[in-house]
Every structure is written in structure tokens, then in C-alpha cells.
Amino acid sequence: MAKRDRGKVWLGVGSIVENAKGEWLLVKKTYGGLKGIWSLPAGFVQEAETVTTAAMREVLEETGIACHVIGLVGFRSGVIAREISDNMAIFYCKPVEEDAPFVLQEREIIESCWMAPSDIAVNELSSVMLKEMAQEHVARHMHPIIEDINPGDVFGYSEYHLYFKK
């Protein structure tokens with residue numbers, strides 16, 4: 001996989017896609033620190049893309065599963081090697097179709113599955129972040145997406161989302 005210059009501030013997205021059985025959609029990557037480890041479908045936000053669009057795109061690209069974003073459940077932030085600000089918005093999503101087959105992006109994804117949070121929490125191949133989140137019912141912590149607002153035409157937004165728990 002070709003590494004692109006992302007500068008020193010990275011913005012990524014990860015998606016907890018939960019099916020009707022309460023299972024989460026997981027992937028095993030072919031590269032990097034999460035190679036062979038269960039993690040969330042995730043990736044970087046591209047130019048002219050909202051975090052919402054990026055989250056849905058990454059799930060579809062990696063697994064073939066179409067989903068829609070319900071809300072924001074968390075935000076992960078860290079600094080790599082005292083140099084790169086690495087940030088990830090984590091979304092709560094639902095699949096568009098419950099029984100859609102996996103279509104893996106084979107150059108990036110080894111395997112995909114649906115797994116119950118109770119199994120994720122004790123699976124030795126679950127990422128540290130996954131294990132932490134699987135111990136809580138993430139929907140309780142969700143900030144719903146509000147899409148039908150316009151902060152004013154003066155700003156020129158072509159798309160605008162607010163994540164706010166009322």
C-alpha cells in the first residue's frame with residue numbers, strides 16, 4: 001500500500017457497525033500495527049469529504065457492507081513519535097442490509113466477521129481500543145447526527161453535520 005503524505009495532522013474515521021443481533025462488524029488488516037488483529041473498519045478522511053461520508057465509504061470499501069451513520073460515539077487522539085497528531089472520530093452505524101455478503105478489499109483486509117461485544121472483549125486478537133469499547137454499550141454514549149441545519153449561507157458549506165446529544 002502506497003503511503004501518501006498526510007502532513008503532521010491526521011484525521012481518520014472508524015465505524016462500529018452494529019447489526020440487529022447486536023454484533024459488530026470487524027476486520028483484520030494486511031498491514032501496519034493492526035496486521036492480523038481484529039479492529040474496526042477505518043481509514044483517513046479525503047479531500048472534500050465529511051467524516052460521515054468517509055466513515056460510510058471506508059466500511060463499504062473494506063467489507064462491501066453499506067451502512068448509515070447514526071451518531072458519534074467517541075474520539076481517539078494521540079501523538080506519534082512526538083511529531084504526528086493522529087486523530088480518529090468513531091461512529092455508531094447500522095448496516096443498510098442485514099444479510100449482505102462480505103466483499104473484502106483484499107489488498108488491505110484479510111478477513112471480516114460479525115462478533116458480539118462480549119466476545120470482542122475477551123478475544124486475544126481484538127485491538128486494545130476494541131476491547132475497551134466492547135465493555136460498554138456504545139449506543140448510550142452516542143451523540144446523534146443532526147443534518148438539517150444551516151449555520152448560514154455566508155460560510156458556503158455544501159454539507160454540514162453537527163453531532164450533539166440533547
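Look up: the structure comes first, before these words.
Residues numbered from 1 in each chain as written. Predicted model: local features only at pLDDT ≥ 70, side-chain atom pairs only at ≥ 80, totals over all residues. Heavy atoms only, no water.

Visitor: For this particular structure, what's the right way to read the overall build of the protein chain?
Guide: Secondary structure assignment for the protein chain yields three helices and nine strands. Secondary structure elements of the protein chain, listed N to C terminal, follow the sequence β-β-β-β-α-β-β-β-α-α-β-β. Taking 166 residues into account, the globule formula puts the C-alpha radius of gyration at 15 Å, and the protein chain, at 16 Å, falls close to it. Overall, the protein chain is about 50 × 40 × 30 Å in size when its C-alpha atoms are taken along their principal axes. Across the 166 residues in the protein chain, those meeting the buried criterion constitute 40%. If you take every contact in the protein chain between residues at least 6 apart in sequence, the share linking residues at least 24 apart comes to 65%. Looking at the protein chain as shown, the accessible area adds up to about 9,700 Å², and 54% of this sits on carbon and sulfur atoms. Charge separation in the protein chain, taken as the distance between the mean sites of 17 positive and 24 negative side-chain charges, equals 6 Å. (Helix = DSSP H or I, 4+ residues; strand = E, 2+ residues; numbered from the N terminus. Rg over C-alpha atoms; globule rule 2.2 N^0.38 Å. Buried < 20%, exposed > 50% of the residue type's maximum accessible area, 1.4 Å probe, protein only. Contact = heavy atoms within 4.5 Å. Areas by Shrake-Rupley, 256 points an atom, 1.4 Å probe, with all protein chains shown as cover. Lys, Arg positive; Asp, Glu negative; His and termini not counted. Charge placed at Lys NZ, Arg CZ, Asp CG, Glu CD.)

Visitor: Which parts of the structure should I look at to understand helix α1 (residues 51-63)?
Guide: The periodicity of an α-helix, 3.6 residues per turn, causes residues three or four places apart in sequence to face the same way. Across its 13 residues, α1 extends 18 Å between first and last C-alpha, which sits within 8% of the 18 Å expected from 1.5 Å per residue. Within α1, the full set of buried residues consists of T52, A54, A55, R57, E58, V59, E62 and T63. Once α1 ends, the next one or two residues include G64, with phi positive near 80°. (Expected span 1.5 Å × (residues − 1).)

Visitor: Would you mind showing me how to read the sheet that holds strand β2 (residues 24-29) here?
Guide: Sheet strands pair via backbone hydrogen bonds, and the direction of the pair is either parallel or antiparallel. Ordered in space as β3-β2-β7, the three strands form an open sheet in which the pairing is antiparallel. Since the sheet does not close on itself, it has two edges, and those belong to β3 (38-39) and β7 (109-115), each with one partner. Note that β2 and β3 share two bridges and pair antiparallel. Residue pairing for β3: V27 is matched across the bridge by S39. (Pairing = 2+ DSSP bridges.)

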